[in-house]
Each structure stands twice: as structure tokens, then as C-alpha cells.
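Report on the structure
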Amino acid sequence: MALTTTASRLPLHVKARWETYPNSDVKRFPVPDGKVPWSMSWHEYVPVEYTNPKVLAGPVWADPEIRGPKAVKMKFNRVDGKINRRSHMKPDYDTPNGVPRNPCGRTGITGRGELGKWGPNHAADPLVTRWKRDDNGQEQIDPKTKKKILQFIAICRKDSGEWAIPGGMVDAGETVSVTLRREFGEEAMNSLDAPKKDQKKIEKAVKDLFKHGIEVYRGYVDDPRNTDNCWMETIAVNFHDGTGNSVGKFALHAGDDAGAVQWTDISASLKLFASHESFIEKVAIRLDAHW
Ligand code: BGC
């Protein structure tokens, strides 16, 4: 169960307050639970300013600077050209002095860290599931909960080495359904263990399965890259192969190296990247599966 702040029922930062910021030795200003909400005044708060130099170098996926002589005006809480700067959360996020403020509170760090966009950075997560079966095709039941066991396609992330849903960032001008298919293709499909001649069949199976997704989550993500001025949001969509005859029948190259992909049993003991466990729990509830 994700923790929430009592004041607002918003998710309480846990990973977004991890001491060391990812891929750096930058330490966040420590924020106790009670001081996460902006509604709690805190004069002693001195967050650390940090934006990774690769973001400052201005790659296509990153915004320009928001302050200083080269500052560029951005249209926050709106679709700004091809970039969706709207949050999935309501009400709209605040922009004191023209800089977006994290709607879920303090993180101990200002600037953009590893993230490209000021404000919300949008991702999409395809949650592809099947029932776990034995060699005879019999669905597997958990002895304790007496419920069927679900499996999902997990990848080992190249950046953090953690297991995760094969999601990714929504590119400028892209619709979420395109991101879901593209990311699944890039991250997971190459690893489907099937002869070359079956490639077309696999593509068709994925295309058909992806026509029938059920959205299980839309909103803020407690991501270790979040800062006081930018944060991750996602839409997680479940594509369930109930008969196991579609994508579910394909084996995956196992392994636990970065970049590996595998069918993974779903249960409450999963430890995954960012808030991915909580999206998976929603799928288990939806399909009345073992958790
Ligand atoms: C990942 C998504 C994840 C999002 C928020 C993206 O980098 O690819 O899977 O949900 O970040 O943590």
C-alpha cells in the first residue's frame, strides 16, 4: 500500500527523498515526513540545487533554462506546442516565480536533476500479463491465497539495475498508446524467444493484444529522480493474455543482467523500480489474482 500524506492524500515521497540522487553523489537536504507538504511552513529548508550536466547540455528531450539571461518562457499546465505540460493530478500545479512546484511536496533538491522537463515528465507503462501455467498448460494456484498466479513481463533497467515494467517516456507529440507499443517493442520484444520466421506472428500478437488495454493507473510516480521542480507521471495500462495463446505463449530470454527481460511472478514480495509495485498490485486486484 503506498503511503500518503495525511493532509492531502497525495503519495508521500519515499524514493523521491532517497539520500543520494541517482547517478551522482549529490545528497538531498533531509526532509522529515511531516515537512513533505508545502502547507507545512519550514524556514530552515535549504534544498540542494542540482541539474545533471547532460541535461544542461540541451539534448532534444530537455527544456531550456528557466532563469537567467537565456531563459525561455514555457506554458505550464497546458499543452505547449508538442509538449504536454499538464499534470494528471488535479488541481493544477503551482508555479511560484514562474517555476513549477512539485505537487507532492518537498524532495530536498531543486533544479531538474536527471529529468529533462520542468514540471511533469510523462511516461507510459505497458503491463503485459498472463496466468502462470505448468508444462501441461494448467494454471498455477498459490497454496496460501488459493488464487491464480499472474506473471508480467519485467525488464532489468539499464540505468538502475532494478526490475521494472518496460515503460518509457512519452516523446513530444506522441500519443500514449503509441508510446506503450514503442517502448514494449524496444525494451521487451527483441527478447521474445521465437524463431525468426515467427517474428511476423509475434508482431501481430502484440498488435492485437495492445488493442484491448485497461488503464490501471494515471498520475504521479514516487521516482528517485523527482525534484522540487520536476517529477515523473505515468499512465499504466494492463494488456492481459487470459488464454495464454497470444504474447503469453512466447518464452523470454531469462537472465538478470541489465537489459534482461523475463516473465515474473506477481506477489506482494516484488521489489521494483519507482512505484511499479503499486501499479502491479492494482492489476492483481483487477484480475483477482494472488498478491
Ligand atoms: C520509466 C517508466 C516509469 C517512469 C516513472 C520512466 O523512466 O521508463 O517505467 O514508470 O519513469 O518512474
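Residues numbered from 1 in each chain as written. Predicted model: local features only at pLDDT ≥ 70, side-chain atom pairs only at ≥ 80, totals over all residues. Heavy atoms only, no water.

1. A look at the overall build of the chain
Looking only at helices and strands, one finds four helices and 13 strands in the chain. For a compact globule of 291 residues, the expected C-alpha radius of gyration is about 19 Å, and the chain comes in at 20 Å, within 12% of that figure. Dimensions of the chain along its principal axes, counting C-alpha atoms only, are 65 × 40 × 35 Å. Looking at the chain as a whole, 49% of its 291 residues are labelled buried. Taking the intrachain contacts of the chain between residues at least 6 apart in sequence as the baseline, contacts between residues at least 24 apart amount to 67%. For the chain, the accessible area works out to roughly 14,900 Å², and carbon and sulfur atoms hold 53% of it. For the chain, the centre of its 44 positive side-chain charges and the centre of its 39 negative side-chain charges are spaced 4 Å apart. (Helix = DSSP H or I, 4+ residues; strand = E, 2+ residues; numbered from the N terminus. Rg over C-alpha atoms; globule rule 2.2 N^0.38 Å. Buried < 20%, exposed > 50% of the residue type's maximum accessible area, 1.4 Å probe, protein only. Contact = heavy atoms within 4.5 Å. Areas by Shrake-Rupley, 256 points an atom, 1.4 Å probe, with all protein chains shown as cover. Lys, Arg positive; Asp, Glu negative; His and termini not counted. Charge placed at Lys NZ, Arg CZ, Asp CG, Glu CD.)

2. As for the pairing of strand β6 (residues 150-156)
Each regular strand carries side chains that alternate between the two faces of the sheet. Of all seven residues in β6, seven are buried; the element is thus mostly enclosed. By the alternation rule, side chains of β6 split into L150, F152, A154 and C156 and Q151, I153 and I155, which are all buried. Examined bridge by bridge, strand β5 (residues 119-131) and β6 share three bridges and lie antiparallel to one another. For R130, the partnering residue across the bridge sits in β6 and is Q151. Here β6 runs beside strand β13 (residues 261-265); their pairing, made up of five bridges, is antiparallel. Bridge pairing in β13 places A154 opposite Q262. Judged from the two bridges that link them, β6 and strand β7 (residues 163-164) form a sheet pairing that is antiparallel. Looking across to β7, one finds that C156 is bridged to W163. (Pairing = 2+ DSSP bridges.)

3. Examining the site of the ligand
The environment of the ligand is made up of 14 residues, and the closest members are D125, G167, D223, R225 and H276. Here an oxygen atom of the ligand sits 3.3 Å away from a polar atom, N or O, in the main chain of G168. Between an oxygen atom of the ligand and a side-chain N or O atom of H276, the distance comes to 2.8 Å. Summarising the interface, the protein chains cover 97% of the accessible area of the ligand, which totals 310 Å² for the free molecule. Of all elements in the fold, only β5 and β8 (168-169) reach the threshold of two or more residues within the shell around the ligand. (Near = heavy atom within 4 Å. Polar contact = N/O pair within 3.5 Å; in protein donor to acceptor, adjacent residues only side chain to side chain.)

4. A word on the packing of aromatic side chains
Counted under the stated rule, the structure contains 10 aromatic pairs. Consider the rings of Y93 and W231, whose centres lie 5.2 Å apart with planes at 80°: the pair is edge-to-face. Of this pair, Y93 sits in the loop between β3 (83-84) and β4 (109-113) while W231 is found in strand β11 (residues 230-241), placing the two residues 138 residues apart along the sequence. Overall, the relative accessible area of 0% leaves W231 in the buried class. Ring pairs connect the aromatic residues F29, W38, W42 and Y45, which therefore count as one cluster. In this structure, R106 packs its charged tip against the face of Y45, placed 5.1 Å from the ring centre. (Phe/Tyr/Trp six-rings, centres within 6.5 Å; stacked < 30°, edge-to-face > 60°. Lys NZ or Arg CZ within 6 Å of the ring centre and 35° of its normal.)

5. Points about helix α3 (residues 199-209)
Among the residues making up α3, those that are buried are I202, A205, V206 and L209. The buried residues of α3 all sit within an arc of 95° when viewed along its axis, so they share a single face. Of the residues in α3, the exposed ones pointing more than 90 degrees away from the buried face are K200 and K204. (Arc of directions from axis to C-beta.)

6. Quick look at the pattern of salt bridges
Close approach of charged atoms lets side chains of opposite charge pair. According to the stated counting rule, one finds 20 salt bridges in the structure shown. A salt bridge links R218 to E215, with the shortest nitrogen-to-oxygen separation between them at 2.8 Å. Close ionic contact of R225 with D223 constitutes a salt bridge, the shortest N to O distance being 2.8 Å. For R225, a relative accessible area of 15% gives the class buried. Exposure remark for D223: the relative accessible area of 2% places this residue in the buried category. Through salt bridges with shared partners, a single network forms among D171, E174, R182, E183 and E186. (Salt bridge = Lys/Arg side-chain N within 4 Å of Asp/Glu carboxyl O.)

7. So, the nonpolar core
Ranked by size, the top nonpolar core spans 36 residues in total, and within it L127, L150, F152, F279 and I280 carry the most contacts. Counting residues in hydrophobic clusters, the runner-up holds 21 residues, among them I153, I235, V247 and V261. (Core = buried A, V, L, I, M, F, W, Y, C linked by side-chain atoms within 4.5 Å.)

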